Amino acid sequence: MGLGGGRVRFNVGGQVFDTTTTTLANAGRDSMLGALLDSSWNLAPTISGGGGGGGGGGVAEYFIDRNPACFAVLLDLLRTGSLHVPPQLPEKLLYREALYYGLLDHVRAARWGAFDGDRLLLAASVPGRAPGDGTAIRAAPDGGCCVAHGGAVHVYNWMLDERRPVSLDHSQVNDVAYLDEGTLLIAARERLGKYDGGLAVFSAVSGDLHHRFRVVHDRQAKSFTAGALTFDQDSNIFACCKGRFNEYGIGVWDRASGEQADFFYEPPGCALGDADKLQWLDATNALMVATLFPKTDNCFIGLLDFRQKNVVWSWSDAGTAASLDDKRVLHAIAMEDERSVCVINQYDDLGFLDFRSNAGGVRWSSRSKLMNRKVPGEESCYPKLSTHGGQLFSSMNDSISVFSGPECVLTSTLRRSNGGAICDFSIGGDRLFALHNEENVFDVWETPPPPII
Amino acid sequence: MSSQKKRATKVEPLKHRTDVDPKFFDKSWKKLDDAIREIYNHNASGLSFEELYRTAYNLVLHKHGMKLYDKLVEKLKGHLEEMCRSLEDAQGCLFLEELQIRWDDHNKALQMIRDILMYMDRTFITTLKKTPVFDLGLELWRDIVVRSPKIHGRLLDTLLELINRERMGDVINRGLMRNSTKMLMDLGPSVYRDDFEKPFLEVSESFYSVESQQFIECCDCGEYLEKVQKRLAEELERASQYMDAKTADKITGVVETEMLSIHMQRLILMENSGLVNMLIDDKHEDLTRMYNLFKRVPDGHSTIRSVMTSHVKETGKALVTDPERLKDPVDFIQRLLNEKDKYDKTISVSFSNDKTFQNALNSSFEYFINLNNRSPEFISLYVDDKLRKGVKGANEEDVETVLDKVMMLFRYLQEKDVFEKYYKQHLAKRLLSGKTTSDEAERSMLVKLKTECGYQFTSKLEGMFTDLKTSQDTMQSFYANISGDTDGPTISVQILTTGSWPTQPCAPCNLPPEITDISEKFRAYYLGTHNGRRLTWQTNMGNADIKATFAGRRHELNVSTYQMCVLMLFNSTDGMTYSDIEQATAIPRAELKRCLQSLACVKGKNVLRKEPMSKDISQGDTFYYNDKFTSKLVKVKIGTVVAQKETEPEKMETRQRVEEDRKPQIEAAIVRIMKSRRVLDHNSIITEVTKQLQSRFLANPVAIKKRIESLIEREFLERDKVDRKMYRYLA
């Protein structure tokens with residue numbers, strides 16, 4: 001329909017737009033514009049235009065009863081693939097219109113660029129309203145995030161609108177993970193005598209509880225406190241578990257059936273049930289468990305093989321650390337090549353442990369920051385580590401350091417003046433979220449879309 | 001005021017915008033409801049997509065999502081039930097066509113309904129995790145149409161009936177079949193599986209169960225397999241034409257189970273046409289088919305293999321133990337070779353050179369060749385025959401192939417040292433009588449043995465060749481040395497190194513004086529040039545050319561040394577008794593008897609006459625010069641009556657010598673092992689010794705034990721004082 005030569009005329013809220021079918025094809029068949037132009041809706045040649053009827057000059061046009069300013073931006077997006085929002089146009093308005101046309105995904109994809117730790121810009125600072133310190137922040141695969149805060153998890157979509165908060169009986173939340181952009185996994189503490197806490201999945205969109213995972217010991221369901229979480233590429237969910245009758249270990253559940261698949265009981269000398277960090281190593285087919293200071297006096301990092309039910313690699317600083325001033329491992333993360341684990345101490349030194357040798361100690365790297373080597377003050381938070389796309393990120397006080405390349409060279413520092421120390425950060429959906437301690441605010445860092453030339 | 005206000009409400013133009021309008025939902029839904037009906041009636045051209053989309057959008061925006069969804073379900077259900085009723089009326093074979101048309105309609109309508117309700121799909125449905133509109137439409141189609149009691153069975157029956165007709169050879173509308181199964185697949189893999197695939201496989205199972213029963217009653221194995229192959233191809237083709245890709249494996253699985261697995265034993269062992277008959281008759285095409293078909297069946301190949309193995313073992317055993325065959329060693333080995341060739345060809349042509357089959361064949365041959373302990377001797381005799389006569393009209397390459405094949409048999413032998421013994425004897429005979437046709441072939445055989453068994457195995461055989469070469473040189477220089485003095489007979493001496501040759505110690509016979517003369521000259525010459533050596537005449541191995549005159553006719557007789565000695569006696573007399581001859585020549589009795597037999601009792605070559613005339617030689621016989629001897633030939637070769645094969649006592653002797661030779665080898669092996677291990681228990685020694693000697697012979701544990709005891713006696717080893725089973729090496 002429309003004009004000849006593949007041209008199409010729209011009348012949106014009174015304003016006329018001419019474009020081509022090729023441009024509109026970029027919207028995809030699964031969009032309002034795609035359906036509008038589909039042949040099944042344009043069978044009879046006698047009908048002029050979808051619904052608007054003929055315009056003044058007998059030219060056929062499609063009438064759409066929507067905001068023309070937003071349509072202009074969206075049409076521009078379809079034409080060029082890049083998003084330019086005029087300053088006077090509220091973003092939320094644009095998002096609403098994009099949803100009407102089924103173009104919200106297009107907008108999100110054009111909104112910010114592919115993640116690069118060295119090109120991050122601060123995109124937004126979102127204040128929270130919950131009192132006290134936040135526990136954890138997690139990035140969703142689609143660019144949203146959630147903040148665990150006391151007994152609740154505050155969920156934000158990628159437009160940074162807050163959704164319904166999620167809670168598991170308002171128990172203290174220990175860890176959160178996005179199984180996918182619409183599904184949240186929450187690990188909570190069990191309160192004495194209440195038989196609550198544990199592990200459950202929620203809809204990140206509606207906040208509804210979908211399933212609560214059970215732990216069975218000796219064919220008896222037991223309540224438990226769930227700690228650190230992770231999951232693998234297949235369908236297994238792993239969580240640290242502490243039962244009240246000393247049933248410490250790592251629980252494994254099948255994501256599809258929701259049933260408990262396995263339980264790795266804590267062997268002597270390996271602290272598993274109260275770990276700070278779990279990480280599934282895909283290539284190695286093993287689970288990294290790290291239990292670190294200050295949760296325990298003796299740090300332990302181990303690799304568990306679930307098929308043979310044994311600890312295939314482990315490291316512990318038991319007996320080496322004498323005084324508080326000694327280097328303590330405060331956080332750990334397996335590097336992306338799965339050959340080593342990176343650790344950090346209270347002086348912000350990076351260290352590495354090799355998975356291939358079982359004997360070696362931590363190889364501390366003095367190449368990290370040669371800063372003041374004082375013991376951090378009271379207001380500081382413990383440092384955190386993360387990896388993404390070959391880069392290593394570490395938080396210390398109010399900044400995040402970005403290390404690049406195989407030698408982990410410091411290449412960028414992300415810092416914002418207010419908000420206080422960073423207590424947690426997370427990378428996902430091409431965004432970095434940093435949760436600040438003092439004002440309960442989180443910062444959103446994005447890579448801007450690539451430059452025009 | 002209040003009335004004015006009321007009026008103002010009435011003229012509100014955007015009624016559908018307000019949430020308060022109680023009829024807002026009903027009005028909007030009516031619009032959508034009408035549109036859906038028009039869509040199903042192929043009347044969509046009058047509809048405005050934008051308007052419908054906006055209507056649905058507004059409903060969702062104003063929290064009527066749930067209601068809209070419920071209404072939609074209700075509406076779709078109504079439509080589908082109506083469709084279902086009209087489908088039930090469809091007649092006979094038009095049913096599938098009708099179903100197809102309705103399905104296409106439904107799909108198209110669903111697409112359009114989804115377009116209208118796209119906003120609901122994106123927001124309301126994702127939030128509440130409901131089934132999206134399109135999938136909902138498919139689910140309802142499945143539950144209301146496909147699984148309605150009247151259609152469900154009819155659809156399945158129609159499909160299965162059509163497939164059955166195709167199996168019986170009818171041509172059916174495959175496009176329709178494809179569309180029908182595609183519909184089931186579109187409704188989800190479980191629908192296809194439960195509503196079509198499973199019953200299809202069940203029906204096929206009983207079909208092929210019946211058919212295979214029919215076939216097996218009336219077909220022979222080859223025909224049966226041909227039919228199975230055809231059926232498999234058909235089913236594969238059918239599956240690829242109008243079924244899911246995964247069904248192909250399942251249906252072939254059914255055919256394989258019903259037609260092959262269940263009847264496997266019966267087919268392979270089928271009388272007069274089974275595997276054994278195919279092998280016997282070299283039915284390579286059938287064998288190939290059998291191999292390829294049973295590849296698909298668990299244990300198929302192993303069954304074929306075991307049947308083949310037992311057949312080969314059986315026929316082989318019959319061959320090697322048949323006393324009739326033992327009479328002709330060359331034929332015996334030739335048959336073995338033919339057998340091997342036959343199976344090699346079968347494996348390469350029909351069994352795609354399958355390694356496991358080759359191994360099975362090898363082990364079968366190994367099994368039965370060693371059943372007959374004369375096999376080593378026979379193989380050596382076969383080589384002897386080939387190298388002596390040369391392969392008829394054969395060029396070098398052919399000789400090589402024959403030798404290669406023989407080596408293959410040789411590899412199966414457990415008692416390779418016995419073969420060596422015989423080979424040495426036969427080679428010696430060939431070399432000494434100058435009957436080897438090709439030096440090249442002899443050497444090539446040696447090289448083959450060497451690569452197979454190592455240099456020790458052939459060092460003595462090579463020594464024999466060296467001896468002959470040196471002998472030639474020695475003879476030349478001897479005659480050069482005594483040149484001029486060539487009046488008497490000439491001799492050609494071959495100097496054999498003791499140990500390299502299979503010589504038996506024999507008392508030298510009395511040579512005629514002419515010969516003694518020249519041989520003494522040679523002895524003097526040889527010992528003169530080679531200090532410290534000893535020469536012994538092996539008169540039992542030589543031969544001579546002598547000239548004789550019979551009633552004026554001159555003949556040249558080619559005889560053995562012994563025969564020469566006997567004949568020379570008749571230069572001075574015409575008749576002699578047996579005992580005179582024995583006394584004059586001092587030839588051992590058995591040899592003398594044989595040589596007299598060949599001189600007097602062979603027709604056409606009886607240069608002597610015996611009295612009384614009889615076949616056998618006895619003590620009292622008298623021999624005369626036979627002047628009536630005639631022959632067309634000037635040169636007459638008087639053969640010795642020699643047993644090509646060994647006689648029973650000779651065999652025993654060889655065996656004993658072999659056993660004797662094994663002793664030091666076993667001892668050497670034990671010492672080698674103990675030297676490195678120092679302490680070892682009895683069973684381990686036995687195992688290791690057996691392993692070390694495997695390339696030469698299969699060591700007998702009892703023999704090994706005896707050797708160990710002997711070594712203990714000689715204080716090479718001692719028993720451990722605590723554990724009597726342990727042996728200790730004494731350096």
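In this text the structure is predicted, and so the values were computed from the model without any measurement. (Residues numbered from 1 in each chain as written. Chains lettered and ligands numbered in written order. Predicted model: local features only at pLDDT ≥ 70, side-chain atom pairs only at ≥ 80, totals over all residues. Heavy atoms only, no water.)

**Structural notes on the overall build of chain B**
Within chain B one finds 30 helices and 9 strands. In chain B, which comprises 731 residues, the share counted as buried stands at 46%. Put simply, of all contacts in chain B between residues at least 6 apart along the chain, 70% involve residues at least 24 apart. When the accessible area of chain B is evaluated, it comes to approximately 37,500 Å², of which 51% is carbon and sulfur surface. (Helix = DSSP H or I, 4+ residues; strand = E, 2+ residues; numbered from the N terminus. Buried < 20%, exposed > 50% of the residue type's maximum accessible area, 1.4 Å probe, protein only. Contact = heavy atoms within 4.5 Å. Areas by Shrake-Rupley, 256 points an atom, 1.4 Å probe, with all protein chains shown as cover.)

**Side note on the overall build of chain A**
Of the regular secondary structure elements, chain A holds 5 helices and 32 strands. Relative to its 453 residues, chain A shows a buried fraction of 52%. Total accessible area on chain A is roughly 19,900 Å²; 49% of this is exposed by carbon and sulfur atoms.

**With respect to the nonpolar core**
Counting residues in each nonpolar core, the largest one holds 107 residues, and the members touching the most others are F10, L33 and Y101 of chain A together with L117, M120, W141 and F196 of chain B. Counting residues in hydrophobic clusters, the runner-up holds 78 residues, among them L267, L319, L337 and V406 of chain B. (Core = buried A, V, L, I, M, F, W, Y, C linked by side-chain atoms within 4.5 Å.)

**Regarding the side chain of S471 of chain B**
All names here are of chain B. Within the element layout of this structure, S471 appears in helix α23 (residues 455-481). Of note is the side chain of S471, whose polar atom sits 2.9 Å from the backbone nitrogen of I495. Apart from the residues lying within four places of it in its own chain, the contact partners of S471 are V493, Q494 and I495. (Polar contact = N/O pair within 3.5 Å; in protein donor to acceptor, adjacent residues only side chain to side chain.)

**So, the interface of chain B and chain A**
Taken together, the contact between chain B and chain A spans 21 residues of the former and 27 residues of the latter. For the chain B and chain A pair, buried surface summed over both sides reaches about 2,200 Å², with 60% attributable to carbon and sulfur atoms. Its largest share of buried area at the contact with chain A, chain B owes to F49, E50 and R122 of chain B, together 27% of the area lost on that side. Across the pair D115 of chain B and R29 of chain A runs a salt bridge, and its minimum N-O distance is 2.6 Å. Linking chain B to chain A there are 6 residue pairs in polar contact (both at pLDDT 80 or more). Within the residue set of the side of chain B that touches chain A, elements represented by two or more residues are α3 (49-61), α5 (94-116) and α6 (118-128) of chain B. Ranked by residue count, the leading element in the side of chain B that touches chain A is α3 of chain B, at 6 residues. Counted by class, the side of chain B that touches chain A contains 10 nonpolar, 5 polar and 6 charged residues. (Buried area = accessible area lost by both parts, 1.4 Å probe. Salt bridge = Lys/Arg side-chain N within 4 Å of Asp/Glu carboxyl O. Nonpolar A, V, L, I, M, F, W, Y, C, P; charged D, E, K, R; others polar.)

**Focus: helix α5 (residues 104-111) of chain A**
Helical geometry note: an α-helix holds 3.6 residues per turn, so side chains three or four residues apart project in the same direction. Residue and element names in this part refer to chain A. Listing the buried residues of α5 in full gives L104, V107 and A110. All buried residues of α5 project into a common sector of 135 degrees when viewed along the axis, lining one side. Looking at the buried positions of α5, the neighbouring elements they touch are α3 (68-80) and α4 (91-101). (Arc of directions from axis to C-beta.)

**Notes on the side chain of N372 of chain B**
All names here are of chain B. Structurally, N372 is set in the loop between α18 (355-369) and α19 (375-389). Since its relative accessible area comes to 9%, N372 is described here as buried. Setting aside anything within four residues of it in sequence, one finds N372 in contact with V320, L326 and F332.

**Looking at the packing of helix α29 (residues 682-693) of chain B against helix α30 (residues 701-713) of chain B**
All names here are of chain B. One can describe the packing of α29 onto α30 by two numbers: an axis separation of 10 Å at closest approach and a directional angle of 115 degrees. It follows from the interaxial angle that α29 and α30 lie roughly perpendicular. For α29 against α30, the interelement crossing comes out right-handed. Side by side, α29 and α30 meet where H682, I685, I686, V689 and T690 of the first sit next to P701, I704, K705 and I708 of the second. (Axes fitted to C-alpha atoms, helices over the stretch in contact; angles between N-to-C directions. Parallel < 35°, antiparallel > 145°, perpendicular 65-115°, else oblique. Left-handed = near helix turned anticlockwise from the far one by under 90°.)

**Some points on the sheet that holds strand β4 (residues 608-611) of chain B**
Residue and element names in this part refer to chain B. Spatial ordering of the open sheet is given by β3-β5-β4, a layout of 3 strands whose pairing is antiparallel. Single-partner strands in this sheet number two, and they are β3 (575-577) and β4. If you compare each strand with its neighbour and ignore which way they point, the axes differ by 25 degrees on average. In the sheet, β4 pairs with strand β5 (residues 622-625) via 4 bridges, with the strands oriented antiparallel. For E611, the partnering residue across the bridge sits in β5 and is T622. (Pairing = 2+ DSSP bridges.)

**Things to note about the pairing of strand β16 (residues 248-254) of chain A**
Residue and element names in this part refer to chain A. Of all the 7 residues making up β16, 5 are buried; the element is thus mostly covered by neighbouring parts of the structure. In this sheet, β16 lies alongside strand β15 (residues 236-243) in antiparallel orientation, the contact comprising 7 bridges. For K242, the partnering residue across the bridge sits in β16 and is Y248. As consecutive antiparallel partners, β15 and β16 are separated by 4 residues, and within that stretch N246 has a phi angle of approximately 65 degrees, a positive value.

**Some points on the confidence of the model for chain B**
Residues and elements named next belong to chain B. The predicted model of chain B averages 83 in pLDDT, with 93% of residues at 70 or higher. Scored below 50 in pLDDT, residues 1-8 makes 0 contacts in the model with residues more than four places away or belonging to other chains. Scoring the predicted complex yields pTM 0.67 and, for the interface, ipTM 0.80. (pLDDT = per-residue confidence, 0-100.)

**So, the pattern of salt bridges**
Per the stated rule, a full pass over the model turns up 76 salt bridges over all chains. Two residues, D169 of chain A and R212 of chain A, come together in a salt bridge whose shortest N-O distance is 3.1 Å. Note that D169 of chain A is positioned in the loop between β7 (152-156) and β8 (173-180) and R212 of chain A in strand β11 (residues 209-213), a separation of 43 residues in sequence. Residue class for D169 of chain A comes out partly exposed when judged on its relative accessible area of 36%. Within this structure, E166, R167, R174, E235, E237 and R238 of chain B form a network of salt bridges that share partners.

**Topic: the environment of E366 of chain B**
Residues and elements named next belong to chain B. Tracing the backbone shows E366 in helix α18. Judged by its relative accessible area of 34%, E366 is partly exposed. Taking the C-alpha atoms as reference points, E366 and G316, 50 residues apart in sequence, are found 10.0 Å from one another. Once you skip the residues sitting within four places of it in the chain, E366 turns out to touch Y412 and Q414.

**Quick word on the pairing of β11 of chain A**
Side chains on a regular strand alternate between the two faces of the sheet. Residues and elements named next belong to chain A. Here strand β10 (residues 198-203) pairs with β11 via 4 bridges, running antiparallel. Bridging across to β11, V201 finds its partner in H211. The hairpin turn running from β10 into β11, its antiparallel successor, is 5 residues long, and G207 in that turn takes a positive phi close to 80 degrees.

**Points about helix α22 (residues 439-453) of chain B**
Residue and element names in this part refer to chain B. Taking 1.5 Å as the rise per residue, α22 with 15 residues should run 21 Å; its terminal C-alpha atoms sit 21 Å apart, in good agreement. All of the buried residues along α22 are A441, E442, S444, M445, L446, K448, L449 and C453. One or two residues past the end of α22 sits G454, with phi positive at roughly 95 degrees. (Expected span 1.5 Å × (residues − 1).)

**Details of the packing of aromatic side chains**
Counted under the stated rule, the structure contains 42 aromatic pairs over all chains. Centroid distance W313 of chain A to F355 of chain A: 4.9 Å. Interplanar angle 85 degrees. Geometry classified as edge-to-face. You can see W313 of chain A sitting in strand β21 (residues 310-316) and its partner F355 of chain A sitting in the loop between β24 (350-354) and β25 (363-365), a full 42 residues away along the chain. Taking the relative accessible area as the measure of exposure, F355 of chain A reaches 11% and is therefore buried. Through successive ring pairs, a cluster of aromatic residues spans F10, F17, Y62, F71, Y100 and Y101 of chain A together with F49, Y53, Y57 and Y119 of chain B. Positioned over the ring face of F465 of chain B is R443 of chain B, at 4.6 Å from the centre of the ring. (Phe/Tyr/Trp six-rings, centres within 6.5 Å; stacked < 30°, edge-to-face > 60°. Lys NZ or Arg CZ within 6 Å of the ring centre and 35° of its normal.)

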